[in-house]
Amino acid sequence: MPAFTYRGRNGAGDIVSGTIEGANAGAVADLLFGSGITPTEIRPVPAQPNILAASGRGLLAPKIRHVDILLFTRQLYTLLKAGVPIMRALSGLQESSANPAMKSLLKEVRESLDSGRELSQALARHPTVFTPFYLAMVRVGEMTGRLEEIFLRLFDHLAFERFMREQVRSALRYPSFVVIAMAVAMAVVNIWVIPAFAKVFEGFGAELPFLTRLLIGVSNFVVGWWPALLVGTAALAGGLRAWIGTRRGRYRWDRIKLELPIAGKIVQKATLARFARSFALAMRSGVPVIQALSNVAQTVDNDYIAEKIEKMRISIERGDSVLRAAIAAGVFTPVVLQMIAVGEESGALDEMMDEISGMYQNEVEYELKTLAQQIEPILIVLLGIMVLILALGVFLPLWDLGKVAIKK
């Protein structure tokens, strides 16, 4: 997500400035208006190396991980709740941090606060670390005087996101191992096993079955062109990664992920669970619906779903209800739409969004627990086909040779 520097005036007429992430200048302007700032200037920030690269340690240096921000949020909540001043709290966190990159970040945040910036503005100077949603929530905490409560809610939100990611990784570990094992087995068979049988078959002096000739041809190609295959595979992987790195490529890939068999519905439900949880948290903290949707759209980690949420925001700006906007988005189930309708009518939309998040989370957990059972039959069928092709290709010539020997 590109970063933008801005200058504007707050509700008191004071000039404020800072850095914020957004899809474009228009989205940044919406975020600023929603936070009570009237922008007078918005400029894109040129790409810069991160904190670690700037320190001269490059790629080998430790990075600020999700767990570092999680611990920072929890510890800052605890210190603020205990009545510790913000500067003293940040100083203590800087001294106790075991990550040099986190120490450097906290030092820069303290320097920003010393120069007169607010905490949200100091954190906004590090857009690669703190998401727009995180910054918006801190800004709301500053305006309402409930900063410690906001940090507690942010901690719960970050812990939820971490839990969802770990659940997905855990569920994909077994299928990934099986697929890798099958690929290694195929390589071993093509490089060592089939060439050995090919030498035996050459002494038969008879025409080999088509399947055997196909296996030998594939094996000869792999043995003769394995450097080109490795380079081609690496180039394909690099090209795919570069394509996903583009805005259009990322959008297409995020849409493809949602259409994948078995895994697609898990990705969609996990994304919508994050959306519902983030939306509920923003509304409960006092963020207006339109601004909440703008912030949440940048945190769902899926450009396709983010576009749907942005369309919801535009629809609500035009006067539509949240329910009608959600129906037009086309990504929610009828049960979820019914819950949104009840929440909107009762004035408890944040509570209904929490319920929706919990429902999606339960569905994701169930899908992940049964993922191995859903994938296992497919893997068994693929493994059976591979073994059948190898068996027929290797043993058909031996079977024909046996029949010829019996006739003689």
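**As for the overall build of the protein chain**
Scanning the protein chain for helices and strands turns up 17 helices and 3 strands. In the protein chain, which comprises 408 residues, the proportion classed as buried is 40%.

**Quick look at the packing of aromatic side chains**
The full count for this structure, using the stated rule, is 7 aromatic pairs. Arranged with centres 5.2 Å apart and planes meeting at 45 degrees, the rings of Phe 130 and Tyr 134 form a pair that is tilted. A relative accessible area of 1% means that Phe 130 is categorised as buried. A residue is classified by how much of its surface remains accessible, and Tyr 134, at 3% relative accessible area, is buried. Among the aromatic residues, those joined into a cluster by ring pairs are Phe 72, Phe 130, Tyr 134 and Phe 151. Stacked on the ring of Phe 155, the Lys or Arg Arg 74 has its end atom at 5.1 Å from the ring centre.

**Some points on helix H13 (residues 303-317)**
With 15 residues, H13 extends 21 Å between its outermost C-alpha atoms, agreeing within 8% with the 21 Å of an ideal straight helix rising 1.5 Å per residue. Two to three positions downstream of the cap, the backbone nitrogen of Tyr 304 sits 3.1 Å from a side-chain oxygen, assigning the N-cap of H13 to Asn 302. Taken from the residues just after H13, Gly 319 is the one with a positive phi, measuring 115 degrees.

**Focus on the environment of Ile 86**
Mapped onto the fold, Ile 86 is located in helix H4 (residues 86-96). Judged by relative accessible area, Ile 86 falls into the partly exposed class, the value being 27%. As a C-alpha pair, Ile 86 and Leu 76 span 10 residues in sequence and 8.3 Å in three-dimensional space.

**Some remarks on the packing of helix H9 (residues 210-245) against helix H10 (residues 247-259)**
Across the interface, H9 lies against H10 with an axial gap of 5 Å and an inter-helix angle of 100 degrees. Here H10 runs roughly perpendicular to H9, going by the angle between their axes. On H10, the residues that touch Trp 243, Ile 244 and Gly 245 of H9 are Arg 247, Gly 249, Arg 250, Arg 252 and Trp 253.

**Describing the environment of Ser 17**
Mapped onto the elements of the fold, Ser 17 is located in strand S2 (residues 15-21). Looking at Ser 17, the relative accessible area reads 29%, which means it is partly exposed. The spacing of Ser 17 and Tyr 6 is 11 residues in sequence and 5.4 Å in space, taken between C-alpha atoms. Setting aside its immediate chain neighbours within four residues, Ser 17 contacts Tyr 6, Arg 7 and Gln 121.

**Overview of the nonpolar core**
Of all hydrophobic cores here, the largest spans 81 residues; its most connected members are Phe 72, Phe 130, Tyr 134, Phe 151, Phe 275 and Phe 332. If one sorts the elements of this core by residue count, helix H8 (residues 147-202) sits on top with 11 residues. Apart from residues lying up to four places away in sequence, Phe 130 is in contact with Ile 69, Phe 72, Leu 105, Leu 123 and Leu 135.

**What to know about the confidence of the model for the protein chain**
Mean pLDDT over the protein chain: 82, with 89% of residues reaching 70 or higher. Across residues 47-59, where pLDDT falls below 50, the model places 13 contacts with residues more than four positions away in sequence or in other chains.

**Topic: H4**
Listed as buried for H4 are Ala 89, Leu 90, Ser 91, Leu 93 and Gln 94. Here the buried face of H4 lies against helix H3 (66-81) and helix H5 (100-114).

**A look at the side chain of Arg 153**
Mapped onto the secondary structure, Arg 153 falls in helix H8. Discounting residues that sit within four places of it in the chain, Arg 153 has contacts with Leu 281, Arg 284 and Ser 285.

**Quick word on the packing of H3 against H8**
Closest axis-to-axis distance for the H3/H8 pair is 8 Å, and the angle between their directions is 155 degrees. Here H8 runs roughly antiparallel to H3, going by the angle between their axes. In this structure, the crossing between H3 and H8 has a hand that is left-handed. Residue-level inspection shows His 66, Val 67, Ile 69, Leu 70, Thr 73, Arg 74, Leu 76, Tyr 77, Leu 80 and Lys 81 of H3 in contact with H8, the latter providing Leu 147, Glu 148, Phe 151, Leu 152, Leu 154, Phe 155, Leu 158, Ala 159, Glu 161, Arg 162 and Arg 165. Across the contact of H3 with H8, the residue classes tally to 13 nonpolar, 2 polar and 6 charged.

Calculation notes
Residues numbered from 1 in each chain as written. Predicted model: local features only at pLDDT ≥ 70, side-chain atom pairs only at ≥ 80, totals over all residues. Heavy atoms only, no water. Helix = DSSP H or I, 4+ residues; strand = E, 2+ residues; numbered from the N terminus. Buried < 20%, exposed > 50% of the residue type's maximum accessible area, 1.4 Å probe, protein only. Phe/Tyr/Trp six-rings, centres within 6.5 Å; stacked < 30°, edge-to-face > 60°. Lys NZ or Arg CZ within 6 Å of the ring centre and 35° of its normal. Expected span 1.5 Å × (residues − 1). Polar contact = N/O pair within 3.5 Å; in protein donor to acceptor, adjacent residues only side chain to side chain. Axes fitted to C-alpha atoms, helices over the stretch in contact; angles between N-to-C directions. Parallel < 35°, antiparallel > 145°, perpendicular 65-115°, else oblique. Contact = heavy atoms within 4.5 Å. Core = buried A, V, L, I, M, F, W, Y, C linked by side-chain atoms within 4.5 Å. pLDDT = per-residue confidence, 0-100. Left-handed = near helix turned anticlockwise from the far one by under 90°. Nonpolar A, V, L, I, M, F, W, Y, C, P; charged D, E, K, R; others polar.

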